[in-house]
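Take a look at the letters that make up each chain.
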Amino acid sequence: MSVKDFPEECWELVFRFLGHGHDLESLSMVCKQFLSITNRLQFSLTIYDPTIPLLPRLFLRFPRLKILDLTHFNSHHEGLLHQISQSGLDLDLLNLSNQRTLPVDGLRELGSKMANLRVLICSNVGSLRDSHLVVMAYCFPFLEELDISFPLDSQASDFGVQRLSSMLENLRKINISGNYLITDKSLFSLCQNCLSLEEISFFTCFKITQIGIASAIRIRPSLNSISFNIEKKRIHGPGLTPTPIDIDLIDSFRSLKRLTAIDLSNSVISDEFLFAVAEGGGLLLKKLILQDCCNCTFSGISYVLSKCQSVQCLDLRKADFLTDQCISKLSMFLLSLTSINLSGCCQLTNSTFFILARNCPLLNEIKMERTYLGVEEEEDKMLDSFVNLEVKKLYLGDNVLLSDASLIKFVSICPSLKLLDLTGCEGVSGECIVEVLKRCCDIRHLNLAYTGMKVFEIDFEVSQLEVLNLSGSRIEDEALSIISRRCSGLLVLDIQSCWHVTPKGVGEVVENCRALKELNLKNCWLVSDDFVAWVEFSRPSLRTIITPSDVGAYC
């Protein structure tokens with residue numbers, strides 16, 4: 001049977017298994033049939049300003065687009081939304097974040113053609129008014145997810161949220177964080193009117209009271225995710241005085257029997273509050289975020305984890321009371337854990353890393369930035385003689401005491417790494433990085449920003465590496481030459497503020513890394529902006545170039 005005789009439906013199933021987006025580019029160049037199939041598997045598109053003239057052709061080429069991302073678009077929005085509304089696409093998600101203004105007329109036209117839009121993201125927009133909320137709800141009555149968080153100028157009030165909630169019966173998720181004018185009335189109306197509501201976020205909405213939160217929870221006890229913060233107030237003199245936790249709020253959390261995720265970042269909480277979370281969520285709780293929380297103790301955290309042993313994502317950033325011994329005790333409850341963030345826990349040493357890698361069999365991601373990594377006790381030597389093949393991502397940035405010896409132990413334990421972030425780890429040498437690449441041959445993303453790295457003596461192929469960040473390092477053309485020959489599969493190279501590189505070294509990278517898509521040359525003062533024109537011409541695969549003078553070129 002020839003390739004042409006094999007049914008396209010079967011090829012499509014095979015290609016879906018192989019990946020999506022950039023993963024299918026090489027397949028699309030095999031033959032016209034494969035190009036046609038891969039075009040049908042392109043479901044998302046990010047639009048930049050230079051993309052506009054190509055949009056009609058792109059919409060015809062990718063007829064199954066479901067997601068459009070306009071977060072990098074800075075030109076006239078009304079015209080763009082007109083093109084989208086006339087494209088015949090059936091969109092599921094539209095992202096309008098980071099726009100200076102919301103294109104109201106364009107949204108109305110889009111709504112007349114795509115009323116079935118399910119997800120609308122309008123985060124970090126220039127201004128947000130009640131009228132905007134009414135237009136969103138009127139144009140897209142079947143919205144299931146809405147993000148209107150952190151507008152730069154928020155004039156949205158209870159009136160707008162109440163109108164919106166009365167028109168969006170299918171709403172399941174909403175993020176109203178940063179809209180500082182809204183009060184308990186908004187929360188109450190959302191929980192009362194949106195009968196399918198499952199997830200709600202309202203960070204820095206400090207006119208919403210603890211009593212208001214408790215009342216809303218009692219109206220909608222079926223919530224499975226809630227995210228907010230209880231303000232740390234400065235009452236008398238220096239420092240922050242903890243806000244007492246209202247007993248009604250504590251009691252209300254006991255009714256959240258379907259709770260799977262809670263984010264209390266930057267909050268004043270108490271052990272009693274955590275006890276209530278444990279009694280409510282129990283075995284269903286999968287995600288617990290307690291970043292930069294105060295007024296709770298190890299006892300509260302230990303209790304909630306002992307009762308919620310299905311937690312997969314745990315964030316305890318800046319819990320500076322945690323010690324290696326604490327982590328050892330907590331690890332007994334973390335058999336389901338896949339991701340943990342202990343950044344800013346300044347007492348944690350190598351022991352914590354060894355304990356987590358040994359005791360958490362499903363752990364995929366470890367974040368231990370700004371800790372005491374690099375410090376090793378005598379008993380740690382008994383903990384490093386094992387291998388964990390599940391850990392794929394390590395974020396170890398800004399650990400000033402991290403040494404070559406410690407890093408080699410970490411990667412020896414976790415040889416299946418795909419991402420390693422060592423930002424600001426100045427105690428790690430180039431020789432150590434070469435040894436890391438030898439031991440972890442599947443690494444695809446390596447961040448060595450601001451490590452002071454200078455030399456790479458790589459004498460073997462590093463074909464899997466796709467993203468390399470060397471910004472702020474001391475590398476020169478010689479190192480770039482070696483990288484270009486040994487890491488020829490690079491897709492993204494960031495050499496921002498590498499003051500010693502010249503067009504010679506950059507040219508070798510562009511010539512040898514044939515799949516290169518993104519190149520950051522910001523503050524590379526020995527490379528002229530004129531050289532960028534040659535780079536664009538020489539490497540057609542490039543999609544984004546940041547020039548030395550910080551101008552973004554999107555090819």
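The paragraphs below set out a description of the structure included in this document. Keep in mind it's a predicted model, so treat the numbers as computed, not measured. (Residues numbered from 1 in each chain as written. Predicted model: local features only at pLDDT ≥ 70, side-chain atom pairs only at ≥ 80, totals over all residues. Heavy atoms only, no water.)

## Section: the overall build of the protein
Consideration 1: Helix and strand counts for the protein come out as 20 helices and 23 strands.
Consideration 2: Here the protein holds 555 residues, and the buried ones make up 54% of them.
Consideration 3: Restricting the contact set of the protein to residue pairs at least 6 apart, pairs at least 24 apart contribute 74%.
Consideration 4: A total of about 24500 Å² of accessible surface is found on the protein, and carbon and sulfur atoms cover 54% of it. (Helix = DSSP H or I, 4+ residues; strand = E, 2+ residues; numbered from the N terminus. Buried < 20%, exposed > 50% of the residue type's maximum accessible area, 1.4 Å probe, protein only. Contact = heavy atoms within 4.5 Å. Areas by Shrake-Rupley, 256 points an atom, 1.4 Å probe, with all protein chains shown as cover.)

## With respect to the packing of helix H6 (residues 104-113) against helix H7 (residues 130-139)
Consideration 1: Between H6 and H7, whose axes approach to 9 Å, the crossing angle comes to 15 degrees. As judged from the angle between their axes, H6 and H7 are roughly parallel. Along this stretch, H6 crosses H7, giving a crossing that reads as left-handed. Residue-level inspection shows Val104, Leu107, Arg108 and Gly111 of H6 in contact with H7, the latter providing His132, Val135 and Cys139. (Axes fitted to C-alpha atoms, helices over the stretch in contact; angles between N-to-C directions. Parallel < 35°, antiparallel > 145°, perpendicular 65-115°, else oblique. Left-handed = near helix turned anticlockwise from the far one by under 90°.)

## Section: the packing of aromatic side chains
Consideration 1: Across all of its chains, the model carries 8 aromatic pairs by this definition.
Consideration 2: The interplanar angle of 5 degrees and the centroid separation of 5.2 Å between the aromatic rings of Phe202 and Phe228 together place this pair among those described as stacked. Within this pair, whereas Phe202 is found in the loop between strand S9 (199-201) and helix H10 (210-219), its partner Phe228 is found in the loop between strand S10 (225-227) and helix H11 (247-253), the two being separated by 26 residues in sequence.
Consideration 3: The class for Phe228 is buried, based on a relative accessible area of 0%.
Consideration 4: We note Lys367 situated over the ring of Tyr395; from NZ or CZ to the ring centre the distance is 4.8 Å. (Phe/Tyr/Trp six-rings, centres within 6.5 Å; stacked < 30°, edge-to-face > 60°. Lys NZ or Arg CZ within 6 Å of the ring centre and 35° of its normal.)

## Points about helix H9 (residues 184-193)
Consideration 1: Burial in H9 covers these residues: Ser186, Leu187, Ser189, Leu190 and Cys191.
Consideration 2: Of the surrounding secondary structure, the elements contacted by the buried residues of H9 are helix H8 (158-167), strand S8 (173-175), S9 and H10.

## With respect to the side chain of Thr547
Consideration 1: For Thr547, the location among the structural elements is in the loop between strand S22 (544-546) and strand S23 (552-554).
Consideration 2: On the basis of relative accessibility, which here comes to 6%, the residue Thr547 falls in the buried class.

## Overview of the nonpolar core
Consideration 1: Counting 167 residues, the largest nonpolar core has Phe253, Leu322 and Ile495 as the members making the most contacts within it.
Consideration 2: Phe253 has contacts with Ile217, Ile226, Phe228, Ile262, Phe273, Ala276, Val277 and Gly280, leaving out every residue within four places of it along the chain. (Core = buried A, V, L, I, M, F, W, Y, C linked by side-chain atoms within 4.5 Å.)

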